[in-house]
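Residue-level listing of the chains:
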Amino acid sequence: MHIDRLERNYLIAVALVLGVFFAALIAGALVFGVRLPTATAFVNPLALADTQFANPGLRDLGDGKYEAVIVAGMWRFQVGTNEFSETGHEIMRVPVNSQVTFNITSRDITHGFMIEFHNANMEIVPGQVARQTVTFRRPGEYHVQCHEYCGRDHANMFFTIIVEDAAA
Amino acid sequence: MQAVSPAPKSEANILTFPRLGMLSSERALIGAHILVALLAISIGLLLGPAQAYRRAPALQWEIPVFSYYYQALTLHGVLNALVFTTFFIVGFSYFVVQRSLQRALASVTVGWIAWVLMFIGVVLAGFAMLTGQANVLYTFYAPMLAHWTFYLGLALVIVGSWVAGGNIFVTYMMWRRANPGKAVPLAVFATVANFIMWISASLGVAIEVLTMLLPLSLGIVQTTDPQVSRILFWFFGHPLVYFWLLPAYTSWYTMMPIQFKVPVFSDTLARVAFIMIMIISIPIGVHHLFVDPGVSEVAKVMHSLLTFVVSVPSFLTAFNIAATLERAGRARGGTGLLGWMLKLEWGNPVMVSQVLGMMMFIIGGVTGLMNASFTLNIALHNTTWVPGHFHTTLAGGVFMTYMGILYWMLPIMRGRKLFSRPLATAQAYTWFIGMLLFGISMGRAGLEGAARRTDVGSAQVISEYWAPWLNVTAIAGTILLISVVLLFIVVIGTWFFSKGDPEDPAPITTVAPSGAPLWTERWSLWIALIVISNVVMWGPVLLEGLNFVNGFWSVGYPMN
Ligand code: HEM
Ligand SMILES: [Cu+2]
Ligand SMILES: [Cu+2]
């Protein structure tokens, strides 16, 4: 098979560039800890009362580590707090630099979970436990949106995370 | 370039096609496909700008007729991305195969049967969508539930397209038998590869629809599994985008060189590119599931790696086509490093639409590699970045190339001159500018955290970070609306009113270049590789997603 010299050099360059890109991705995962959700556990969406999802909420694990158990449902995140915004949506407070592991599932259809300006992005699929660990480095108010279409009020399925300064 | 067929004259199926017209059998069958495709976008395209207005915080206008946002979005996705594309591709593929091989389809009757199946499918799915009983978007993930006519309709469209593909295979095999030792023309090679890929891939969605969604919607079964449905859908979903793309590549590789009157830079590497795409486009679909909870990180990394590999044939295409265009520009007296670009036909709608489409596709390719980068994906997944990206590929490169094809094909189909070359050219430029702005603004809004598939018009909270960008999208929508109007004027004008004879002959070559390699036509080997690669890459994903102990847990939720 004849390949033009220029074209061959071009292909080698393409291979090199792609190789470097991919190496950077692996490095991002291994060195900087940018991880993807991975298969963890099955859970019956119609029998959540028998699981950890019976009591959503934020638990302090010590050492600046937290676990948040959340149930998504049409069209609300049950976060387990008693604080609500003007629009009636949940507010969750965490201290700055805390490391929160989110354990989320859905009680009905597929929802999404995305914290603005953070490496937190998951599909919340009924039957599955979605897990992701997020470190909150900057104080502020962050919008958490359901980003998977889930019916009529999908646009208003959200809650807020307030990252509080240690001094406050 | 209509060379006389070298095949033996004893064969019954040999046809000679008119240069600037169509045989009546050709016109009816292909015309029926193009007609449905155009009817689909006559609704589908108009919804696009309406969605952009609804999503712009400064406007938040209700969508005319389809006031429920997600009904409109379902129609936009299904009509544009599934109905328009499938009908256009089948019609175009028939044309390419018949003309390149200088023979009729193996069976024109079967061609009509396929059309009828697909058409009934569109009517059924259309009924469900128009009556608001299928607001499930074009990905219809379980356990969202639509009316059963929606699923049956989509299944019929797919089955019809299989019949069409089978017809094409048999036509090719009959030619193969009559022409031993000769390589098939590149355009037919690409078409056969495309349908092999399509049929393999759509098995996934057919299984999803026929064993999970249709029985659930009919009440035959009570439960389903959302993760498994997503896995089966994306087995199909990624090759789906290549199914749209390969006809565009076919035009770039085999038709533009004829239209520019230069040979393609490398016919052999083009074949290699098509083989690579046919095989590798399926075992990479997990890149749509990067943030799904039920798929292991290992599978995600492996599919990400192969996604990088499948970009190689596209890089190859970029090189090949750029080199071909450079030849064309230089043949017209263009000089200097980039001076040849000025000599391309910037006032010819057929060329402008394709060349601008290609340029847009380069942006789409680069942003696509970003999506495929599993760590970056966390920042992008389900944000408006994603529609921003695929409107530069699908609604950009692919759609513009299809319009470029339409601008020579419609005239010879109707036996009329293209209604207005200046308006058609203006359509291409406005589409390019509008879609570029659309891609940039939606992309930027996504990076600021705007979620896709959300009815911003009904949202209680609007972020100051992305609001300005979605307002820019509305401007892009307006430019695109102008372009859509121009498109309809040109299409309706060409269909019914224009006077004079067609000007652009069908850019089809009937022979492969001497030295075109025969080994590329070892289809059974390629099919074996498709099977093996998917068992390896998808098998574990499916097994992991299936809950063997408890079976299916989820009940359906009608989305009325
Ligand atoms: C007139 C030009 C167009 C405009 C202004 C436009 C606008 C839009 C907008 C704003 C969205 C995002 C809606 C959302 O996420 O909430 C969208 C989605 C989409 N568009 Fe377009 N579009 C146009 C043309 C096209 C074309 C030509 C195609 C395909 C051939 C297409 C296929 C799609 C698909 C598949 C989606 C995704 C639907 C979904 O998320 O379910 N669009 N479009
Ligand atoms: Cu939701
Ligand atoms: Cu939602």
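Nothing here was measured: the structure is a model prediction, and the numbers come from that model.

J.: It is not clear to me how the overall build of chain B should be interpreted in this structure. Could you clarify?
T.: Secondary structure assignment for chain B yields 14 helices and 4 strands. Over its C-alpha atoms chain B spans a radius of gyration of 23 Å, differing by no more than 12% from the 24 Å that the globule rule assigns to 560 residues. Partitioning the intrachain contacts of chain B with sequence separation of at least 6 by distance along the chain shows that 83% fall at a separation of at least 24. Accessible area of chain B: about 18600 Å², with a carbon and sulfur share of 72%. Counting 27 positive and 18 negative side-chain charges, chain B places the averaged centre of each group 12 Å from the other.

J.: So what exactly am I meant to see when it comes to helix H1 (residues 5-30) of chain A here?
T.: Every α-helix winds through 3.6 residues per turn, so residues three or four apart in the chain are directed the same way. Taking 1.5 Å as the rise per residue, H1(A) with 26 residues should run 38 Å; its terminal C-alpha atoms sit 37 Å apart, in good agreement. Three or more residues of H1(A) are buried, namely A:Glu7, A:Val14, A:Leu18, A:Phe22, A:Leu25, A:Gly28 and A:Ala29. On the buried face of H1(A), the contacting elements are helix H7 (267-280), helix H8 (297-331), helix H9 (349-372) and helix H10 (374-380) of chain B. Where H1(A) begins, one side-chain oxygen reaches toward the backbone nitrogen of A:Leu6, 3.0 Å away; that side chain belongs to A:Asp4.

J.: Help me understand the coordination of the copper ion (ligand 3) in this model?
T.: For a metal bound by four donors in a tetrahedral arrangement, the ideal donor-metal-donor angle is 109.5 degrees, while six donors in an octahedral arrangement ideally sit at 90 or 180 degrees. Residue and element names in this part refer to chain A. Protein-derived coordination of the copper ion (ligand 3) comes from Cys146 (SG), Glu148 (O), Cys150 (SG) and His154 (ND1), at a distance range of 1.9 to 2.5 Å. Coordination at the copper ion (ligand 3) is tetrahedral: its 4 donor atoms span angles of 88 to 123° at the metal. Site description for the copper ion (ligand 3): donor spacing in sequence, C-x1-E-x1-C-x3-H. Between the two metal centres, the copper ion (ligand 3) and the copper ion (ligand 2), the spacing is 2.5 Å, with Cys146 acting as a shared donor.

J.: Help me out: how do you make sense of the nonpolar core in this one?
T.: Formed by 211 residues in total, the largest nonpolar core has its most connected members in A:Phe102, A:Phe113, A:Ile115, A:Ile161, B:Phe140, B:Phe150 and B:Trp408. Sort the elements by how many residues they give to this core and helix H2 (residues 69-101) of chain B lands first, with 21 residues. Ignoring sequence-local partners within four residues, the contact set of A:Phe113 consists of A:Phe77, A:Phe102, A:Ile104, A:Ala120, A:Asn121, A:Met122, A:Ile124, A:Val144, A:Gln145, A:His147 and A:Phe159. Judged by nonpolar contacts, the second largest core, of 15 residues, contains A:Leu18, A:Ala29, A:Val34 and A:Leu36.

J.: Which parts of the structure should I look at to understand the interface of chain B and chain A?
T.: By a widely used convention, the size of an interface equals the accessible area lost when the partners come together. Facing 71 residues of chain B, the contacting portion of chain A comprises 60 residues. For the pair chain B and chain A, the summed buried surface comes to about 5400 Å²; carbon and sulfur atoms form 68% of the total. Its largest share of buried area at the contact with chain A, chain B owes to B:Pro293, B:Ile378 and B:Trp553, together 14% of the area lost on that side. Between the two partners, chain B and chain A, sit 4 salt bridges. The residue A:Arg35 makes a salt bridge to B:Glu297 at a minimum N-O spacing of 2.7 Å. Viewed at the interface, chain A and chain B are joined by 20 residue pairs in polar contact (both at pLDDT 80 or more). Among the elements of the structure, helix H6 (226-260), H7, H8, H10, helix H14 (523-545) and strand E3 (554-555) of chain B are those that each provide at least two residues to the side of chain B that touches chain A. In terms of residue count, the dominant contributor to the side of chain B that touches chain A is H8(B) (13 residues). Considering only residue class, the side of chain B that touches chain A consists of 39 nonpolar, 23 polar and 9 charged.

J.: How should the site of ligand 1 be read in this particular structure?
T.: Residue and element names in this part refer to chain B. Looking at ligand 1, there are 25 residues lining it, with Tyr69, His76, His391, Arg452 and Arg453 nearest. Tyr69 places a polar side-chain atom, nitrogen or oxygen, 2.6 Å from an oxygen atom of ligand 1. Each residue belonging to the shell around ligand 1 can be placed in one class, and the counts come to 16 nonpolar, 6 polar and 3 charged.

J.: Sorry, what's going on with the coordination of the copper ion (ligand 2) here?
T.: Residue and element names in this part refer to chain A. Around the copper ion (ligand 2), the protein supplies His111 (ND1), Cys146 (SG), Cys150 (SG) and Met157 (SD) as donor atoms, at distances of 1.9 to 2.6 Å. For the copper ion (ligand 2), the 4 donor atoms in the first shell make angles of 92 to 132° at the metal, a pattern classed as tetrahedral. Take His111: its relative accessible area is 0%, and that puts it in the buried class. Of the residues examined, Cys150 reaches a relative accessible area of 0% and is grouped as buried.

J.: Sorry, what's going on with the packing of aromatic side chains here?
T.: A ring pair, where both rings are aromatic, is described by two values, the distance of the centres and the angle of the planes. All names here are of chain B. As enumerated under the stated definition, the model contains 43 aromatic pairs over all chains in all. The interplanar angle of 75° and the centroid separation of 5.9 Å between the aromatic rings of Trp252 and Phe361 together place this pair among those described as edge-to-face. Residue Trp252 is located in helix H6, and its partner Phe361 is located in helix H9; the two are separated by 109 residues in the primary sequence. Judged by its relative accessible area of 4%, Trp252 is buried. Among the aromatic residues, those joined into a cluster by ring pairs are Phe140, Tyr141, Phe150, Tyr151, Phe195, Trp198, Phe233, Trp234, Phe236 and Phe243. Above the face of the Tyr141 ring, Arg230 is positioned so that its terminal group lies 4.4 Å from the ring centre. A cation over an aromatic ring shows up here: Arg271 above the ring of Phe189, its NZ or CZ 5.3 Å from the ring centre.

J.: Got a minute to help me understand unusual backbone geometry in this structure?
T.: Trans is the common state for peptide bonds, and a negative phi is the common state for residues other than glycine. Cis geometry marks the peptide bond from A:Met74 to A:Trp75, where omega comes out at -10°. By the secondary structure assignment, A:Trp75 is in the loop between strand E2 (65-73) and strand E3 (76-78). With omega at 5°, the peptide bond leading from B:Ala142 into B:Pro143 counts as cis. Positionally, B:Pro143 belongs in the loop between helix H3 (108-130) and strand E1 (144-145). At A:Phe117, a residue that is not glycine, the phi angle is positive and equals roughly 65°.

J.: What is the right way to read the sheet that holds strand E10 (residues 158-164) of chain A from this model?
T.: Backbone hydrogen bonds hold the strands of a sheet together, and the pairing may be parallel or antiparallel. Residue and element names in this part refer to chain A. Here we have 5 strands laid out as an open sheet, ordered E4-E10-E9-E6-E7, and mixed in their pairing. One side of each edge strand has no neighbouring strand; the edge strands of this open sheet are strand E4 (91-95) and strand E7 (121-124). Neighbouring strand axes in the sheet, compared pairwise and without regard to direction, differ in orientation by 20° on average. One ladder, built from 6 bridges, connects strand E9 (residues 140-145) with E10; its direction is antiparallel. The partner of His143 across the bridge, within E10, is Thr160.

J.: Please explain the domain arrangement of chain A as it appears in this structure.
T.: The domain boundaries assigned to chain A delineate domain 1 (1-35) and domain 2 (41-164). Taken over C-alpha atoms, the centre of domain 1 of chain A sits 37 Å from the centre of domain 2 of chain A.

J.: Looking at this model, I keep getting lost on the environment of A:Val129. Mind explaining?
T.: Considering the arrangement of structural elements, one finds A:Val129 in the loop between E7 and strand E8 (130-135). Among the residues examined, A:Val129 registers a relative accessible area of 4% and is labelled buried. A C-alpha to C-alpha distance of 9.7 Å links A:Val129 and A:Phe102, two positions 27 residues apart in sequence. The residues contacting A:Val129, other than those within four sequence positions of it, are A:Thr40, A:Ala41, A:Val43, A:Phe53, A:Asn103, A:Ile104 and B:Pro293.

J.: So what exactly am I meant to see when it comes to the environment of B:Gln259 here?
T.: Residues and elements named next belong to chain B. Along the chain, Gln259 falls in helix H6. Owing to a relative accessible area of 14%, Gln259 belongs among the buried residues under this scheme. Residues Gln259 and Ala201, 58 residues apart in the sequence, show an inter-C-alpha distance of 33 Å. Setting aside residues up to four positions removed in sequence, Gln259 forms contacts with Arg332, Glu345, Val350, Met351, Gln354, Trp408 and Pro507. A polar contact is formed between the side chain of Gln259 and the side chain of Gln354, at a distance of 3.3 Å.

What counts, and where the lines are drawn
- Residues numbered from 1 in each chain as written.
- Chains lettered and ligands numbered in written order.
- Predicted model: local features only at pLDDT ≥ 70, side-chain atom pairs only at ≥ 80, totals over all residues.
- Heavy atoms only, no water.
- Helix = DSSP H or I, 4+ residues; strand = E, 2+ residues; numbered from the N terminus.
- Rg over C-alpha atoms; globule rule 2.2 N^0.38 Å.
- Contact = heavy atoms within 4.5 Å.
- Areas by Shrake-Rupley, 256 points an atom, 1.4 Å probe, with all protein chains shown as cover.
- Lys, Arg positive; Asp, Glu negative; His and termini not counted.
- Charge placed at Lys NZ, Arg CZ, Asp CG, Glu CD.
- Expected span 1.5 Å × (residues − 1).
- Buried < 20%, exposed > 50% of the residue type's maximum accessible area, 1.4 Å probe, protein only.
- Polar contact = N/O pair within 3.5 Å; in protein donor to acceptor, adjacent residues only side chain to side chain.
- Donors = N, O, S within 2.8 Å, 3.2 Å for Na, K, Ca; no water.
- Tetrahedral: all angles 85-135°; square planar, octahedral: opposite > 155°, others 65-115°.
- Core = buried A, V, L, I, M, F, W, Y, C linked by side-chain atoms within 4.5 Å.
- Buried area = accessible area lost by both parts, 1.4 Å probe.
- Salt bridge = Lys/Arg side-chain N within 4 Å of Asp/Glu carboxyl O.
- Nonpolar A, V, L, I, M, F, W, Y, C, P; charged D, E, K, R; others polar.
- Near = heavy atom within 4 Å.
- Phe/Tyr/Trp six-rings, centres within 6.5 Å; stacked < 30°, edge-to-face > 60°.
- Lys NZ or Arg CZ within 6 Å of the ring centre and 35° of its normal.
- Pairing = 2+ DSSP bridges.
- Axes fitted to C-alpha atoms, helices over the stretch in contact; angles between N-to-C directions.
- Domains from an automatic or database assignment.

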